[in-house]
Structures are given as C-alpha cells and as structure tokens.
Amino acid sequence: MAYDPATIEPHWQAYWLEHQSFRAEIDPSRPKYYVLDMFPYPSGDGLHVGHPVGFTATDILARYKRMRGFNVLHPMGWDAFGLPAEQYAIKTGTHPHITTRRNIDNFRRQIRSLGFSYDWSREIDTTDPGYVKWTQWIFCRLYERGLAYQAEIPVNWCPALGTVLANEEVIDGRSEVGGYPVERVPLKQWMLRITDYAERLLTDLDDLDWPEPVKKMQREWIGRSEGARIRFAVDHHPDTEFEVFTTRPDTLFGATYLVLAPEHPLVDQITAPDQRAAAQAYILATRSKSERARLSETTSKTGVATGASARNPATGESIPIWIADYVLASYGTGAIMAVPGHDQRDFEFAKTFDLPIKEVVSGGNLEVEAHTGDGRAVHSGFLDGLPSKEAVQQMNAWLEAESVGDACVSYKLRDWLFSRQRYWGEPFPVLHHADGTTRIAADEDLPITLPELQDFRPSGDFSPPLARVTDWLEVPDPTGGPPLIRDANTMPQWAGSCWYFLRFTDPENASAPWSEAAEQYWMPVDLYVGGAEHAVLHLLYARFWHKVFYDIGLVHTKEPFQKLVNQGMILGHSYRYWDDNLSDDPHAAPTRFALSQVDLSGETATDRASGNEVREQWITPGDVFRDDDGTPKHPEDHRLVLDEVLEKMSKSRGNVISPDQIIENFGADSMRLYEMFIGPLEKAAPWSADGIKGVRRFLERVWRLLIVESPSGEESLRELSDAPSEPESRLLARTVAGVTDDIEAMRFNTAISKLMILVRDAARFESLARHSAETLTLLLAPFAPHLAEELWSRLGHADSLTQEAWPEAQRELLEEERQKIAVQVNGKRRGEIEVATGASNAEVEAAALALDAVAKHLGGRAVQKVIVVPGRIVNIVG
RNA sequence: GCCCGGGUGGCGGAAUUGGCAGACGCGCUAGACUCAGAAUCUAGUGGCCGCAAGGCCGUGCUGGUUCGAUUCCAGUCCCGGGCACCA
C-alpha cells in the first residue's frame, strides 16, 4: 500500500496518548523550554484553518527542542467563559455548561487529529470550579492590595449585549463583539487599578523579544506624557480652584482661556446664571451624541462659555472658562488651559469663538496656524529667550515655588473596567453588607460557583441575571445580622486568560494556584504564539496581573512572555456581486450588478446608472461558475462577472475551510506542512486547494524513497547501504545545517524547501545509506511527525523518535572543494569560472581575465579595476 | 490626517552583510509509461528579439549613491494594519 495517512496518523496519535510521550515533569538536570499557544475560545463552529498555523509552529519548536535535549512544557487548554455560549443559551435554552463541554470535546478532537505534542495531562478549562477558585483567589489578592475597587463611572453600556464593555472592547462607538451600538451610562462597577502599573508596563517592554509593532501599540495605549498640573483659582468663587494638565507648561503665558470637559464636576457650580441654560443644553447635546458623531466632527469645534473666569497665575490676568467636548473628561484632569497660539485644537476653537491668540513661542506664523513646535519663549516674562525645553524646566520650578502646580506624568491608560452584567463568567467573591460596605469571601469559601439558571436573558435594566437568583444571592450573616448579599456581576473573559500560563505549570494544585517550585522551574514562557488581535488587550492585562504576582512574591520574573510571535491569518477567496433586493425578500427577482456597475465611494453602495442603493451579496466559492478562461461568474447568470476578494475567512462569506475536511482528504501531516510552507509564519496568506497537493506529493516521495512495494503488493523497507557516498554526505550535511538554522529562526517555509531538495536529490542516488534515511526521518519529525514515526519504526526502532537526538551537521562537509564564481564585466554577468575553495584573489582575478567572454565584452578597453568578492563574484571594470 | 508593515514570474513565495534575481512548491507545456486515463517519472517554463549562438529588458513608479542595488537614500503611487481631539 502507498503512503496512507488515514491509517498512520490515528495510530501514532493513539501511541503518543497511551505512552504519554509528551508528559512534562520538573527535572532540574535538564534545561526547560516553555512553548505556549494562545489558548482558544472553544466556539461552536469548531477549529478554523487559522488556528493550526500557530499551533503547528509551536509544535515544530516543541518537538525540535525535545530532540535538542530540552525539557519541554507544551500545554493546551480552553478559554471557555464568554459571550457566544451565553448568547446561544439565550437563543436555545441550552445551558452554557453543556454547550461549552460539547465545544471543548470537539476542539480537543480536532486538535488531537493534527498530532500536536501537547501534554494533555495539563489541560485547563477556565470554567472548571477548580480553576475558577483560583481566579477568584487572585481577585481577593487584588482587592486586599487596593487594586480592585468599585466606582460609579460613565461606562459603555451595550443594550443589545446587556452588558458594559471596557473601552478596549468598543470600536467606533460599537461593540467589538457583534458591532452593536454602545451608550455612555453612569453605573457602579468593579475597576482594577492597572494605572498604578502604567510606568512598569511601559518600561519593562524594552527587554522583551516581541515584534516592535506590538510593543509600539502597547506604548501608545499606555500613552505616557510628561507635563505639569497647574491650578487655576476661579474668580468670585473663593476656595474654588481646578487643575489642568499640560505637556507645555512653558506656554502658560499664552493661555488665553480655559476649557472644562462638559462632564467636569465644577461646571454646575461655576456656570453664571445667564449662561446656565446654554450650558445645560450643550451638556445634554454632548451626552446624546454618539461617539461616532463626535469623532466625525473632529475638525469643527463647539462649546459654550460658562461666564466664569479664572486667574492665569503667570500673567495675573483673568481668562474666561469655557465648556467644550473637545476636552475629554477621562484624560488628565478633564480640564485644559487653552494656548491657541501653540495648540492646533485650541487655535481652531479660538478662531471659531473669536478668542485672543497670543504668541509665546517664536518661530511660527499665527496668522495661518498654531506653532506647535519648539522655539524661543517670547512675551513670557521670566522665560523670555529660553528655548522650549529649558523654558519647561524653568516654568516647572516656578510653579512649584509658587505652589500653583507641579511637574507630573500623565497616561492615556485608564483603570480597567472589570465587571460584566452577564451570567457566564466568574462570580465576584464579594459580599455586600446592608450598610453598603463590602468584604471579600474567605479563601476557604472559594470557589463561589454559578447557580443553575433557566433564564439567561439580560434583565434589560442594567442588573445582571444573577441578581434575580435570590437564594444564591443571599448569604446568612454568621454574626446574626441581616443576610449578606453576593455581588451579582461576573468577571470579563480576560480574567481566565490573565494567568492560565501559570496554572499550566501546576494544573492540579488544590492548595495554591501554582507551586513555587513549578513556577521557578518553568517560567517564564519562552515562546508565545498567537494572533495579532491580542496585541493590546490580553497581553497588557496578563502582564499587569503578572506584575502584581511579582509584587506579592508569587512569581520570580517581571514579565510572563519572553518572546512573542504573531502568526499571520489564512485568507479565503470570496466572490461578490450586488443586487437591489434591499429587504432580503426571498421571492423577489432582483436585478444583479457587477463591480463595474457599482459605485462604492459613498457610505452605501449604489448602482452607477440609477444612483439607487444596492446591497452586497456573496457566492460560496464552491458554487461559483468558471468560464473557459477561469473568470468567476454567477452560478445562475453566466454573464455576471463576480468580484474576487481575498479576505479573512468568515461564515458570512462562505469561504471557511474546515480542517476536518483537509485532514480527511490529505492527512494531518500535509495540512501541517502546507500551512508552514505557504509563506513566512507572521504573514497572512491565501488558502489554496492546489498548494496542498504539492506537499502531499512531497510526503509520498518521502514514503517511496524508503518503502518499496513488491509486485505482489507487499511493502518493505528498501535496501540501505552502510555508508553514504560523498555527494550524499555533503547534501545531508547541508540540509541538516540549513534546516536547523531555519527552525531556530522560525523560517519553516524555507526549512521545508530544503527537505524537498534533499528528498528530490536523494531519490536520484543509486543507493541510500541507513544514516541518510534516519537523518531525513529525524529532520522531518517536527514537521510531519506521524509519517516520521512510521518510517522510524519501519527503520527498525522499537521506540518513538520523540526523544531521539537532533542530527548534527558534519561541518567539514559544508565547504565544497571547488566553487563556481560568476564573472561580471561592468556589472553584467558574462561568464563563470571554477576555482579551488579558498583560492587567492589574485588567482581568481587571473582566471576571470582569461575568459574569452571577458575580452569580448571589454572590447579592447583597458581593465581599470577588478573587484573580487571571495566565493561569490568577480567584477571587471573597463 | 498621523504612525507602522508590504509591493519580486500566471500564483504562493526565495535571495545570510550591497555581490549570479526568481530557490522550493503550485500551475502550465512537451516527452516517457499506458489500450486509454489517473498516478508517476524526465525535460522545459520572467518578458522581448533570434533558426541558433547570443543579445536586450526586468523586483510598483521616478531619480540618486555605488564597480555592482530586490537590498541603501530622496520623492511618488498602490495595498494591508494600527491610531485618530489624549492637552
């Protein structure tokens, strides 16, 4: 029988499970390597082809490192709390517990069918009470340290989802999940004081081996800026003052008015009676405006004067106080000093409302625009003549001396909104007393498990579903007082993923989240692979918790993830056209439009001819009709050319490829190999049904190289010679060295191409040495482990190759004795010479000049210069 | 608008430090095997001119630096991603 993954692969998967081949135990005598995938949310759709890209990359590293003698920790688990299971429960009444269990079983089956070398004894499920217990325990530690607190704040309330969302989960005024509208509503919520760690989260990025763009995104998210707080006393309101934050204290002399955010607490107090109506109207208008609307008018400035004023401490002048929505309540102090001469936003506002513009930094043209760059201070009293940087220093010193301000640092990062009004999450281990005070649950009472529920619907009135479960909610007071009330909120999905990488080091521990010994040995994660979509959220939250653990003494490293790699997405082809069936009437006979007939420049697509709105429609790739030259056409209308789009796979486009189907048709090894061969790991690449045939053919060639079939159909190992021939040895050495380097650098696509070359050339040799066959098998093992194990076994080995030593290249064979060197005349290739490796430049030059082609292309001109690059090229200039 | 990536054959991609552009794979063409097909194997495959030898052009575009540029510099166009009143 020929190469048959359908029999080989299940056999070896069962073998690995049975022999616990990848079980990791602490072993101080060996170096450790912790390689981690971002654990998946087990969705109802099952694995998509994008998951195995990262999983295969980490598996190659895990298998390779084992063969290099490392003690490898390579675990897998489930980030199983989350909205989709709950949404499904609302729709069908199926308990999230059941859905989650079912989805996990399916994910586990799919992941196992790809032959990844996980230590399944360490499998984690964040919804497991044994895990929830420690998530809650960690919350208690945060609470004790004052890092968890409750606050009444305007939050992002999403009516459709029935929950509040963190700022990070809201994109352009819509929920990241589902794209529903979000409103700002003041609600009492749990917050985590991540801002206390802003500075460390920023500085510790420097030493991480992470992609620069990810570090940059985190830096920008934290948004550190240096400046000063300056106090302004409000005129005619004794003892009333407020602070502004500015990064340009040197421009204080140029502050000609002040602006409060509409939500600023002082607005109500200081607004003059005759401005009160206008201010109220403005504040209401701001509040009802959606984020989207506010964003779209970033160029035009609106605002209302309060009628109040305050004294500029530098000039002693009274300057007016305004309200404007271009000042954000949530950043800095929610108030600014406006310096229209040197801030473009203030400049635009001043122009709109005819406020004075004063030059205090030279070098710009204030007739045209604000001068935001540096220069020398002018019209600024004691600062005059100083360059901006020095002026900042002087002003800060003056502010402190005069007790009107301080130099300080401000961050864009806000505290983390940590509660959700949902059912399917970790309950807060918090009890509320009747008097409004709260206390955390005792450690021995953990976990606080979720009550069984029939009705999962959000209450619709900001209260969580758990608030309806009276007998769960009320806890008798041990001191005999009125019953204590449990907190009815649940934690966001991020909670479980903030520490799972630590639990993997010691997953069964019942007395602690993890043991010191396990943490000391396994942490930090040496390689963390996952999608770029987690660049800020998950990675920032997990770093934050890890730093708290560090402060408590629970971990010994400041950072959890030493090296991070983002895998690229697998894209699918999808096919679209447009029609005028806007209401989705199934009985309509709509007019269809091709891309060329449609205008996409506006907010909605329109038919160019009529200007009427048309709607995008998608054809499943399998249904697309192809005409003779391959042009994609509508299946029912062969005149309609479809627009081919390459994008992220999604259900709505019908372009999703299931790994199950690929494994069935080609095998897991082919699937793994293809996803690695398609291009660099970090780069997005389109799925190609033809491409996978190529790697499958390669695996068949490997099989036929070692396994021969008698005319009667019996298979056996081919006859192997004792010693490899010299060209064979050289080829082998080159491949071992190349593949090893490529794996270390995670260039899996080129590693596979080198294996293809080895197999192609080895097939042409008359004989093949046992050593060559075994080396090839070992090199192949991280990529196509099932086939490699099968061949290893047929090569006569009783044990699995997972712990075999990785082949070493014979260095002395890497250098050829003779080498070919290209010869150029005036930079153009005109010939080639062959010289002994290590030949002197003079020898190489002489050989090159002796070529007929060189003389011909010199055309009689004298040689002016000869450049010899040893081993590569000779360039003759003449 | 600002900040990052990235533009290389029909397609995915390769090219270590500025040194033979197009490795490897897909697809395609021809041949071998076959009654035939599939599979497999062999050869070819950037474009143009040429019977050939060979020549010219060629890494988004326009310039520059260099003996030599996919690689460095300046400008520009296109695609993808991130940020977007953060004082």
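Structural data are supplied above this passage.
Residues numbered from 1 in each chain as written. Chains lettered and ligands numbered in written order. Predicted model: local features only at pLDDT ≥ 70, side-chain atom pairs only at ≥ 80, totals over all residues. Heavy atoms only, no water.

**Concerning the nonpolar core**
Judged by nonpolar contacts, the single largest core of 87 residues is most densely connected at I111, W687, F698, F748, F783 and L787. In this structure, L787 is in contact with Y3, I8, D669, L699, V702, W703 and L780, ignoring residues within four places of it in sequence. In terms of nonpolar packing, the next biggest core, distinct from the first, is built from 83 residues, A24, I124, Y131 and L502 among them. (Core = buried A, V, L, I, M, F, W, Y, C linked by side-chain atoms within 4.5 Å. Buried < 20%, exposed > 50% of the residue type's maximum accessible area, 1.4 Å probe, protein only. Contact = heavy atoms within 4.5 Å.)

**A short note on the side chain of T557**
Note on placement: T557 falls in the loop between α17 (537-552) and β23 (564-567). The exposure class of T557 is buried, given its relative accessible area of 14%. At 3.0 Å, the side chain of T557 and the backbone oxygen of E559 are in polar contact. (Helix = DSSP H or I, 4+ residues; strand = E, 2+ residues; numbered from the N terminus. Polar contact = N/O pair within 3.5 Å; in protein donor to acceptor, adjacent residues only side chain to side chain.)

**Regarding the sheet that holds strand β22 (residues 527-531)**
Reading across the sheet, the four strands line up as β2-β1-β22-β23 and stay open at both edges, with parallel pairing between neighbours. This sheet does not close on itself; its edge strands, each paired only once, are β2 (71-73) and β23. Strand-to-strand twist of the sheet, defined as the mean angle between neighbouring strand axes without regard to direction, takes the value 20 degrees. By the bridge criterion, three bridges tie strand β1 (residues 32-37) to β22 in an arrangement that is parallel. Looking at β22, one finds that D37 is bridged to V529. (Pairing = 2+ DSSP bridges. Axes fitted to C-alpha atoms, helices over the stretch in contact; angles between N-to-C directions.)

**Some details on the environment of W78**
Among the structural elements, W78 can be located in strand β3 (residues 77-78). Counting along the chain gives 47 residues from W78 to D125, while the straight-line C-alpha distance between them is 4.8 Å. With sequence-adjacent residues up to four places away left out, W78 is seen in contact with F39, P40, P42, I104, F107, R108, I111, W120, E123, I124, D125 and T126. One polar contact links W78 to E123, side chain to side chain, over a distance of 2.7 Å.

**Some details on the pattern of salt bridges**
Per the counting criterion, the structure on display carries 48 salt bridges. With a closest N to O distance of 2.8 Å, E144 and R141 form a salt bridge. Here the residue E144 and the residue R141 both occupy positions in helix α5 (residues 129-144), the gap between them amounting to three residues, near one helical turn. For K754, the salt bridge identified is with D742, shortest N-O distance 2.7 Å. Here K754, found in helix α22 (residues 748-762), pairs with D742, found in helix α21 (residues 726-744); they are twelve residues apart in sequence, far enough to count as distant. The exposure class assigned to D742 is buried, which follows from its relative accessible area of 3%. A single network of salt bridges, built from pairs that share partners, joins D204, R543, K547 and E559. (Salt bridge = Lys/Arg side-chain N within 4 Å of Asp/Glu carboxyl O.)

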